[in-house]
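A structural walkthrough
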Amino acid sequence: MEHPTFEMLLFLIAAGFLASFTDSVVGGGGLISVPALMLTGLPPGMVLGTNKLGGTVSSLTSSTSFLLSGKINLRLVRWLFPLALAGSVAGALTVRFIPASFLKPIVVILLVLVTLYTLFKRNWGSLSTYKGLGRGTAVVSAIIALVIGFYDGFFGPGTGSFLIFAFLLLGFDFVGAAGNAKVLNLASNLGSLITFTIMGYVNFYYGIPMAISMLFGALIGSRVAIRNGAGYVKPLFIGISTLLIGKQIWDFMHS
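Keep in mind the model is a prediction, meaning the values are calculated, not measured.

**Topic: the packing of aromatic side chains**
In this structure the tally under the stated criterion is seven aromatic pairs. Between the aromatic rings of Tyr-130 and Phe-172, the centroid separation amounts to 4.4 Å while the plane-to-plane angle is 20°, which identifies the pairing as stacked. Of this pair, Tyr-130 sits in the loop between α5 (104-120) and α6 (135-154) while Phe-172 sits in the loop between α7 (159-169) and α8 (174-198), placing them 42 residues apart in sequence. Looking at Tyr-130, the relative accessible area reads 17%, which means it is buried.

Rendered as structure tokens:
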């Protein structure tokens, strides 16, 4: 297994911190961490697997921070968690057999719709109106957890945005949606990390130092979000989603 140079190690630590600071709130950390890992020369599969190590640590840290602040609905996420985890395992296994590139046009369209809807619905997410799940919304929520979990294990970009949007539709405010989304993101990261590790797609020499820096980035980022509320999270959500759209269009045009 390849070892990083000291200079590369410092670079990955800095990139990991910046990635997790943003990712701890609205996702999108892969915009920084994946290109950083690609610069190491690791194979694409190894990059994805190693990135999941840092992503799991980041989402665990931010989930804990949101939980301690009372921003997570445990009754809801505790039964969605295993569904997202199972979906991500299936998605990570599928990576070996089907190229993820065909998803890019679909993801761009969905991200555009999510961003525009959030942008033009003025006071959406300012206050929580969540009153619990009915039978229909419970079934839909379970399907969404499975599908987004699968997507995160299989491809990944925009997972945080899609999860937050799903919880906003249920009536949560932006901070509550971000907190609950991080728990399901933890499930999908954990499931795909376990699968990638078993397949030998994780480089721990690169991944562990990056994961440690991501722990601190996630801790600080989630605390900033909790302290500043929806007025901070909504613009960040729109900004990161817009960057993700640009990144996917760029990749699609140059693939």
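**Describing the packing of helix α4 (residues 74-94) against α6**
It is at 6 Å that the axes of α4 and α6 come closest, and there the two elements cross at 35°. Note that α4 runs across α6; the crossing there is right-handed. On the side of α4, the interface is formed by Trp-79, Leu-80, Leu-83, Ala-84, Gly-87, Ser-88, Ala-90, Gly-91, Ala-92 and Thr-94, while α6 contributes Ala-138, Ser-141, Ala-142, Ala-145, Leu-146, Gly-149, Phe-150, Gly-153 and Phe-154.

**Observations regarding the packing of helix α1 (residues 6-26) against α8**
The interhelical angle for the contact between α1 and α8, taken along N-to-C directions, is 110°, at an axis separation of 7 Å. Relative to α8, α1 is oriented roughly perpendicular. Contacts from Asp-23, Ser-24 and Val-25 in α1 reach Ala-178, Lys-182 and Asn-185 in α8.

**As for the environment of Ser-20**
For Ser-20, the location among the structural elements is in helix α1. Its relative accessible area of 0% is what places Ser-20 among the buried residues. Residues Ser-20 and Ser-128, 108 residues apart in the sequence, show an inter-C-alpha distance of 26 Å.

**Structural notes on the nonpolar core**
Residues Ile-164 and Phe-167 are the most contacted members of the largest nonpolar core, which totals 43 residues. Looking at this core, the elements that each hand over two or more residues are α1, α4, α5, α6, α7, α8, α9 (204-228) and α10 (230-253). Counting residues per element, this core draws most heavily on α8, at eight residues. Residues within four places of Phe-167 in sequence aside, it is in contact with Leu-76, Val-77, Leu-80, Phe-172, Ala-177, Asn-180, Ala-181 and Leu-184.

**Brief notes about the side chain of Ser-20**
Here the side chain of Ser-20 touches Phe-17 through a polar contact of 3.2 Å, landing on its backbone oxygen. At 2.9 Å, the side chain of Ser-20 and the backbone oxygen of Met-214 are in polar contact.

**Quick notes on the environment of Gly-16**
Mapped onto the secondary structure, Gly-16 falls in helix α1. Separated by 151 residues in the primary sequence, Gly-16 and Phe-167 have C-alpha atoms spaced 26 Å apart. The residues touching Gly-16, leaving out its near neighbours within four places in the chain, are Met-210, Ser-213 and Met-214.

**Notes on the confidence of the model for the chain**
Of the residues in the chain, 97% reach a pLDDT of 70 or more, and the chain-wide mean stands at 89. At the level of individual helices and strands, the chain shows its lowest average pLDDT in α5, which scores 82, and its highest in α9, which scores 94.

**A short note on the side chain of Asp-152**
Within the secondary structure, Asp-152 sits in helix α6. Overall, Asp-152 belongs to the buried group, its relative accessible area being 5%. In this view, Asp-152 contacts Lys-52, Thr-159, Asn-185, Ser-188 and Asn-189; residues no more than four positions away in its chain are not counted.

Reading the values: the criteria
- Residues numbered from 1 in each chain as written.
- Predicted model: local features only at pLDDT ≥ 70, side-chain atom pairs only at ≥ 80, totals over all residues.
- Heavy atoms only, no water.
- Phe/Tyr/Trp six-rings, centres within 6.5 Å; stacked < 30°, edge-to-face > 60°.
- Helix = DSSP H or I, 4+ residues; strand = E, 2+ residues; numbered from the N terminus.
- Buried < 20%, exposed > 50% of the residue type's maximum accessible area, 1.4 Å probe, protein only.
- Axes fitted to C-alpha atoms, helices over the stretch in contact; angles between N-to-C directions.
- Left-handed = near helix turned anticlockwise from the far one by under 90°.
- Contact = heavy atoms within 4.5 Å.
- Parallel < 35°, antiparallel > 145°, perpendicular 65-115°, else oblique.
- Core = buried A, V, L, I, M, F, W, Y, C linked by side-chain atoms within 4.5 Å.
- Polar contact = N/O pair within 3.5 Å; in protein donor to acceptor, adjacent residues only side chain to side chain.
- pLDDT = per-residue confidence, 0-100.

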